[in-house]
Amino acid sequence: MNGALYNDVMPNLGVTLSDEGIALVLTYARSSWGNSAPAIARDEVAKVRASLGDRLEPWAGGPALAAAQATRALP
């Protein structure tokens, strides 16, 4: 905040939240702050999760994330 830089990794919520829980969190974020995006379905979360296989390391962005978006069910 106010120009502060944070160099940390977001916790892996995929191991603690169910598909339904992740869908609820995403739906909340998409429908907050005046947005009117549709709800995320549990089945959509399950599809993306299945496409990731057993990946455990965080995404660093850049080319690796772009390649995953091209070959997997990532938005």
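About the cut-offs
Residues numbered from 1 in each chain as written. Predicted model: local features only at pLDDT ≥ 70, side-chain atom pairs only at ≥ 80, totals over all residues. Heavy atoms only, no water. Helix = DSSP H or I, 4+ residues; strand = E, 2+ residues; numbered from the N terminus. Buried < 20%, exposed > 50% of the residue type's maximum accessible area, 1.4 Å probe, protein only. Contact = heavy atoms within 4.5 Å. Phe/Tyr/Trp six-rings, centres within 6.5 Å; stacked < 30°, edge-to-face > 60°. Salt bridge = Lys/Arg side-chain N within 4 Å of Asp/Glu carboxyl O. pLDDT = per-residue confidence, 0-100.

K.L.:
Hey, could you go over the overall build of the protein chain for me, with residue numbers and the actual values?
P.N.:
Scanning the protein chain from terminus to terminus reveals 3 helices and 0 strands. Moving toward the C terminus, one meets the helices and strands of the protein chain in the order α-α-α. Along the first, second and third principal axes, the C-alpha atoms of the protein chain reach 35 × 35 × 25 Å. For the protein chain, the residues scored as buried account for 13% of the 75 residues in total. The contacts of the protein chain with a sequence gap of at least 6 include a subset with a gap of at least 24, amounting to 28%.

K.L.:
Kindly report on the packing of aromatic side chains, identifying the contributing residues and their values.
P.N.:
Counted under the stated rule, the structure contains 1 aromatic pair. Here Tyr28 and Trp33 contribute two aromatic rings whose centre-to-centre distance is 6.4 Å and whose plane-to-plane angle is 70°, an arrangement assigned as edge-to-face. By relative accessible area, Trp33 is classed as exposed at 72%.

K.L.:
Residues and numbers for the pattern of salt bridges, please.
P.N.:
Summed over all chains, the structure comprises 2 salt bridges. For the salt bridge of Asp19 with Arg49, the shortest nitrogen-to-oxygen distance reads 3.1 Å. With Asp19 in helix α1 (residues 19–31) and Arg49 in helix α2 (residues 42–52), this pair connects stretches of sequence that are 30 residues apart. When its relative accessible area of 30% is taken as the criterion, Arg49 is described as partly exposed. Notably, a salt bridge pairs Glu20 with Arg42, separated by 3.8 Å at the nearest N-O pair.

K.L.:
Report on the confidence of the model for the protein chain, specifying residues and quantitative values.
P.N.:
Close reading of the predicted structure is inappropriate where its pLDDT is low. With 93% of its residues at a pLDDT of 70 or more, the protein chain has an overall mean of 83. Looking at the elements of the protein chain, mean pLDDT is at its lowest for helix α3 (residues 62–71), recorded as 81, and at its highest for α1, recorded as 92.

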